[in-house]
Amino acid sequence: MTLVDLLQFAGNALLQNRRRSALSLVGVSIGVVAVVSLTAIGEGGIRFVADQFSSLGASVVIIAPGRNETTGGIPRGIGGIPNDLTLRDSIILERRIQSVRHSVPISVSTDTISFGQRSRNVPIIGATSDFQRLQKLEVASGQFLPEGEADRGDSVVVLGHTVAKELFAAGNPLGMTVRIGGWRMRVIGVLAMRGTQLGMQVDESVFIAVATSMRMANRSSVSRIMLELYPKADPDRAIEQVKKLLIERHDEEDFTCISQDAVLESLSSIIRTIALAIVGIAAISLAVAGIGIMNVMLVSVSERSAEVGLLKAIGATRRQILGVFLVEAATLSMLGGLLGLAAGTGLVLLGNQLYPAVDAATPIWAIVAVMILSLGTGVGFGVLPAWRAANLDPVAALQGH
Amino acid sequence: MIEVEDLWRTYEMGGHALHALRGVNEVIEDGSHVAIMGPSGSGKSTLLNLLGCLDSPTRGQYKLAGQDVAELSGDALAEIRLHRIGFIFQSFHLVPRLTALQNVELPMIFAGLHPGERRERAEVALVSVDLADRAGHRPNELSGGQKQRVAIARATVMGPGLLLADEPTGNLDSRTGAQVLDLLGRLHDEGRTLVVVTHDPGVARRADRVLVLRDGEIVRRVSGDEVTDLGSLFSSVEDADKVSEQAVQKVGR
């Protein structure tokens, strides 16, 4: 008896009870849909985060003020105010550390921008011209901040897409003068639409020279320093050098230095853990579906006991009868799995249409795993009914008992 | 050749033993045509199931072609049922969702024959029972006589030497019943051993030899020609004596 024979026989039997087969098949499908779509969301989330970070450039080190204390103990800085990060720090880092290609000081504040009657409260991001490349910002018209040293402070501004639209509607903002806080600034560029980006609403922000931004906010320190490393530079070694240099300048380690890779890794692992936990829960529904299959098969065996008796009478062995019913259960669960895979993939594609930002896609390993799992469900939960069929007493079975 | 010696079959029923067969001895030569008669519950079907290796005796010996079947494994018995025995049932036992052709193919599937060969042999078998034009019909589209002929085609398609029929005409009217009996007679004439369990004297009359069972024992052996009516078989003095003997035994226990 070949597998083809078994499948044919199983298919025939399943078609005899279309509704019952369909219902237990749907049970498996639901479990598979859950696994397929949830892994897709998890994977999409990880990819979303990864994309966000890779848009920051190849190899970026971020320096933030303040020590990131996680070990407890006596707080630092008692009796002395920690030194903030300054423009000077940024300039020296770029000059003195060989693996640093560009150092971009960033100062973030919030203020009101107005043009004529219209005004809006927006994040003001002070940066340098290198920030454009680092963040892969696209200019729709005009230009980004002009090149030059970080301490140069022109009164020019680059508007995010939404800000430009809201202040100028259809008009051309280039060359116009807007008011930010008490300062008048000339619009030299408008950015292309960007959409959501992790940690920064590019479309809703405006960009000015970092020195100007600090003067406006009356600050002597910057919020962050982003270091773009040369492509072949070793980030760990660069971080060591940065730390050494800054400790030398500040007399203590009053800053936090992280590489983008480390952040990406920890975020991804958090997302993956959550996704796997959810998928685990989804997999439980497959077990429930398996019990449904077992139930259907048990009913089928008792309804078809006369058939089992006949099969024995015409010379089927126990093993063959076991095979007949096992393949039937496996066919049921496998079809359910395929149906679930199709429905789940459809759901994922639909989700991607609705939320293009998260490019969800079920990973291959999840597809393989869920197919094996649903096949295993059928075989696993089919064993008991098949065993019962194989061990029926042929004489009693022929009489329908 | 079938050799049965002191064959007992006992069922446990709610704590006490029920003897379906009590020491049956019989030899059935190859190529013979034997009918088994007797009232309901006399052990006819039990004997037939034992002869067909569907059931195993509680006590006693059954040799099929010299081989003691008690020594055989489950798979070996399945092999015997597959190749050497054909069953024909009162209620036909066709698989309802399969066509006539597929029903006939069924034993060959378990024998592992190639699909092409299966189909060819099933077609030939259907032709031999005169149902070639019904090959694609499902059982619910066939008459009773046609169903039984499909079942006979299925029973013979593996070429067994022994056919066991349990009330083969029990669900048929006399005309289609006669057709089925003619068909069985032809199969016997081709050299097969035929054992038929029946209530119907008309069926038994066709046999070379008739075994009359009562309460699990063979109480008479007659030739088919001697079968005239049920009364003559079951109400003999000898039979009555047996019954009273058993009654005495029962009271004694």
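Before reading further, recall that the structure is shown in the block above.
These remarks concern the structure in this document. (Residues numbered from 1 in each chain as written. Chains lettered and ligands numbered in written order. Predicted model: local features only at pLDDT ≥ 70, side-chain atom pairs only at ≥ 80, totals over all residues. Heavy atoms only, no water.)

Structural notes on the overall build of chain A
Counting its regular elements, chain A contains 12 helices and 10 strands. The globule rule puts the C-alpha radius of gyration for 401 residues at 21 Å, and the 33 Å found for chain A is more than 25% above it. On the principal axes, the C-alpha backbone points of chain A span a range of 100 × 55 × 35 Å. Looking at chain A as a whole, 47% of its 401 residues are labelled buried. Of the contacts made within chain A by residues no fewer than 6 positions apart, 80% connect residues no fewer than 24 positions apart. (Helix = DSSP H or I, 4+ residues; strand = E, 2+ residues; numbered from the N terminus. Rg over C-alpha atoms; globule rule 2.2 N^0.38 Å. Buried < 20%, exposed > 50% of the residue type's maximum accessible area, 1.4 Å probe, protein only. Contact = heavy atoms within 4.5 Å.)

Focus: the overall build of chain B
When helices and strands are tallied, chain B shows 9 helices and 10 strands. Looking at chain B as a whole, 51% of its 253 residues qualify as buried. Across chain B, contacts joining residues at least 24 apart in sequence account for 68% of those joining residues at least 6 apart. Of the roughly 11200 Å² of accessible surface on chain B, a fraction of 49% belongs to carbon and sulfur atoms. (Areas by Shrake-Rupley, 256 points an atom, 1.4 Å probe, with all protein chains shown as cover.)

What about the nonpolar core?
In terms of nonpolar packing, the biggest core is built from 73 residues, with Phe325(A), Leu51(B), Tyr62(B) and Leu106(B) touching the most fellow members. No other element matches helix α8 (residues 260-303) of chain A, which puts 8 residues into this core. Setting aside residues no more than four positions away along its own chain, Phe325(A) makes contact with Met297(A), Val301(A), Arg304(A), Val308(A), Ala386(A) and Ala389(A). (Core = buried A, V, L, I, M, F, W, Y, C linked by side-chain atoms within 4.5 Å.)

Observations regarding the pattern of salt bridges
All names here are of chain A. Enumeration according to the criterion identifies 23 salt bridges over all chains in this entry. Arg96 is the partner of Glu248 in a salt bridge, and the nearest nitrogen-oxygen pair spans 3.9 Å. Of this pair, Glu248 sits in helix α7 (residues 235-250) while Arg96 sits in helix α3 (residues 87-96), placing them 152 residues apart in sequence. For Arg96, a relative accessible area of 53% puts it in the exposed group. (Salt bridge = Lys/Arg side-chain N within 4 Å of Asp/Glu carboxyl O.)

Overview of the interface of chain B and chain A
Reports of interface size often rely on the accessible area that becomes lost once the parts have come together. Taken together, the 22 residues of chain B in the interface contact 24 residues of chain A. Counting each side, the surface lost to burial between chain B and chain A is near 2100 Å², with a carbon and sulfur contribution of 62%. Close ionic contact of Arg118(B) with Asp5(A) constitutes a salt bridge, the shortest N to O distance being 3.0 Å. Here chain B and chain A share 6 residue pairs in polar contact (both at pLDDT 80 or more) between them. Elements that contribute at least two residues to the side of chain B that touches chain A include exactly α2 (74-83) and α3 (100-110) of chain B. (Buried area = accessible area lost by both parts, 1.4 Å probe. Polar contact = N/O pair within 3.5 Å; in protein donor to acceptor, adjacent residues only side chain to side chain.)

Quick look at the pairing of strand β2 (residues 100-115) of chain A
All names here are of chain A. The sheet contact formed by β2 and strand β9 (residues 224-229) spans 6 bridges and is antiparallel. Considered in β9, the bridge of Ser103 is made with Leu227. As paired elements, β2 and strand β3 (residues 118-127) share 9 bridges and run antiparallel to each other. For Ser107, the partnering residue across the bridge sits in β3 and is Gly126. Direction of pairing for β2 relative to strand β6 (residues 177-180): antiparallel, over a ladder of 2 bridges. Looking across to β6, one finds that Ile113 is bridged to Ile180. (Pairing = 2+ DSSP bridges.)

Some points on unusual backbone geometry
All names here are of chain B. Here Cys53, not a glycine, exhibits a phi torsion of approximately 60°, which is positive. One can find Cys53 in the loop between α1 (44-51) and β4 (59-64). In this model, Asp215 sits at a positive phi of 50°, which is unusual for a non-glycine residue. Relative to the elements of secondary structure, Asp215 occurs in the loop between β9 (209-214) and β10 (217-223).

A short note on the environment of Glu166(A)
Residue and element names in this part refer to chain A. Residue placement: Glu166 occurs in helix α5 (residues 161-168). For the pair Glu166 and Ile125, spaced 41 residues apart in sequence, the C-alpha separation works out to 18 Å. Discounting residues that sit within four places of it in the chain, Glu166 has contacts with Arg118 and Arg120.

Observations concerning the sheet that holds strand β7 (residues 162-166) of chain B
Residues and elements named next belong to chain B. Pairing in this open sheet of 6 strands is mixed, and the strands run β6-β7-β8-β3-β9-β10 from one edge to the other. At either end of the open sheet lies a strand with only one pairing partner, and these are β6 (85-88) and β10. This sheet shows a mean twist of 20° between the axes of neighbouring strands, independent of strand direction. Note that strand β3 (residues 33-37) and β9 share 4 bridges and pair parallel. Residue pairing across strands places Ala35 opposite Val210, the latter belonging to β9. Sheet contacts for α1: β3, β6, β7, β8 (193-197) and β9; angle to β7, the most-contacted strand, approximately 155°. (Axes fitted to C-alpha atoms, helices over the stretch in contact; angles between N-to-C directions.)

Section: the packing of α3(A) against α7(A)
Residues and elements named next belong to chain A. The interhelical angle for the contact between α3 and α7, taken along N-to-C directions, is 135°, at an axis separation of 11 Å. With respect to each other, α3 and α7 are oriented oblique. Read as a crossing pair, α3 and α7 show a hand that is right-handed. On α7, the residues touching Arg88, Asp89, Ile92, Leu93 and Arg96 of α3 are Val242, Leu245, Leu246, Glu248, Arg249 and His250. Taken together, the residues that form the contact of α3 with α7 break down as 5 nonpolar, 1 polar and 5 charged. (Parallel < 35°, antiparallel > 145°, perpendicular 65-115°, else oblique. Left-handed = near helix turned anticlockwise from the far one by under 90°. Nonpolar A, V, L, I, M, F, W, Y, C, P; charged D, E, K, R; others polar.)

Some details on the packing of helix α5 (residues 144-156) of chain B against helix α6 (residues 174-189) of chain B
All names here are of chain B. In the contact formed by α5 and α6, the axes pass within 9 Å of each other and the chain directions differ by 15°. Taken together, α5 and α6 sit at an angle that is classed as roughly parallel. As for the relative orientation of α5 and α6, their crossing is right-handed in sense. Across from Gly145, Gln148, Arg149, Ile152 and Thr156 in α5, the residues of α6 making contact are Thr176, Gln179, Val180, Leu183, Leu184 and Leu187. Considered class by class, the residues forming the contact of α5 with α6 number 5 nonpolar, 5 polar and 1 charged.

Considering a nonpolar patch on the surface
Taken together, the side chains of Leu347(A), Leu350(A), Leu354(A) and Tyr355(A) present a nonpolar region at the surface, about 460 Å² in accessible area. Its location among the elements puts Leu350(A) in helix α10 (residues 318-354). (Patch = residues over 30% accessible without salt bridge, like charges linked within 9 Å, V, L, I, M, F, W, Y side chains within 5 Å.)

Brief notes about the sheet that holds β4(B)
Residue and element names in this part refer to chain B. On the basis of which strands lie adjacent, the open sheet formed by 4 strands has the order β2-β1-β4-β5 and antiparallel pairing. On the outer flanks of this sheet lie β2 (16-28) and β5 (67-68), each paired with one strand and no other. Note: strand β1 (residues 2-13) against β2, 10 bridges, orientation antiparallel. Bridge pairing in β2 links Glu12 to Ala17. Taken strand by strand, α1 contacts β1, β2 and β4, and its axis lies near 120° from that of β1.

Considering a negative patch on the surface
All names here are of chain A. Judged by side-chain charge, Asp234, Asp236, Glu240, Asp261 and Glu265 come together as a negatively charged surface patch. Mapped by element, the contributors of at least two residues to the negative patch are α7 and α8. The topology assignment puts Asp236 in helix α7. (Lys, Arg positive; Asp, Glu negative; His and termini not counted. Charge placed at Lys NZ, Arg CZ, Asp CG, Glu CD.)

Observations regarding the side chain of Thr39(A)
As for its placement among the helices and strands, Thr39(A) is situated in helix α2 (residues 18-54). Setting aside anything within four residues of it in sequence, one finds Thr39(A) in contact with Val279(A), Thr362(A), Pro363(A), Trp365(A) and Ala366(A).

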